[in-house]
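# Overview (structure and organization)
The primary structure of each chain is shown beneath.
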Amino acid sequence: AMEAAGGARALQRRHTAAVPTLRSVFRRVRGKYISRNNRKGLPRPHDVSLTYGEVTFESFIRLLTDLCALLPPGREPPTFYDLGSGTGKAVLCACVSGFFSRCCGVELLPALSAAAAAADATL
């Protein structure tokens, strides 16, 4: 158990090294503003199912590291899906983690989806 914990901490340190790159990619992306403006043209702009929220890179990397440490050894890497992926922060974080065979984001609002595609293109 101690060895597994040490390995997980080493993985977390390695993946946390990607945080400055992720911050740089999203430095000028204002997801909450994009979401608010994009919802204005919708029939129900205040629908709670369209509530915007973001992950923080360090805590999300820690979560992914802890979850992936629970996977049985030798198991094929899973696919990461984020429904309501916004600007793509969680998706790109999962992608750079290296834990997943594929990372997919699904976003309803076109402007947020475009922001995610732009962020992806810069990596």
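Thresholds applied
Residues numbered from 1 in each chain as written. Predicted model: local features only at pLDDT ≥ 70, side-chain atom pairs only at ≥ 80, totals over all residues. Heavy atoms only, no water. pLDDT = per-residue confidence, 0-100. Helix = DSSP H or I, 4+ residues; strand = E, 2+ residues; numbered from the N terminus. Contact = heavy atoms within 4.5 Å. Patch = residues over 30% accessible without salt bridge, like charges linked within 9 Å, V, L, I, M, F, W, Y side chains within 5 Å. Areas by Shrake-Rupley, 256 points an atom, 1.4 Å probe, with all protein chains shown as cover. Salt bridge = Lys/Arg side-chain N within 4 Å of Asp/Glu carboxyl O. Buried < 20%, exposed > 50% of the residue type's maximum accessible area, 1.4 Å probe, protein only.

### Notes on the confidence of the model for the chain
Model confidence for the chain is summarised by a mean pLDDT of 87, while 88% of its residues fall at 70 or above. When mean pLDDT is taken per element in the chain, strand 2 (residues 102-106) scores highest with 97 and helix 1 (residues 2-16) scores lowest with 58. Every residue in residues 1-5 is under pLDDT 50, and counting partners more than four places away or in other chains gives zero contacts.

### Considering a nonpolar patch on the surface
A surface patch of nonpolar side chains, about 310 Å² in accessible area, is lined by L63, L67 and L70. Structurally, L67 is set in helix 4 (residues 57-69). For L67, a relative accessible area of 47% gives the class partly exposed.

### Comments concerning the pattern of salt bridges
Applying the stated rule across the entire model yields three salt bridges. Between D47 and R44 there is a salt bridge whose closest N-O contact spans 3.1 Å. Here R44 falls in the exposed class, since its relative accessible area comes to 57%. One salt bridge in this structure joins E54 and K89, with 2.8 Å as the shortest N-O distance. Separated by 35 residues along the polypeptide, E54 in the loop between helix 3 (31-39) and helix 4 and K89 in helix 5 (residues 89-97) bring together distant segments of the chain. Looking at K89, the relative accessible area reads 14%, which means it is buried.

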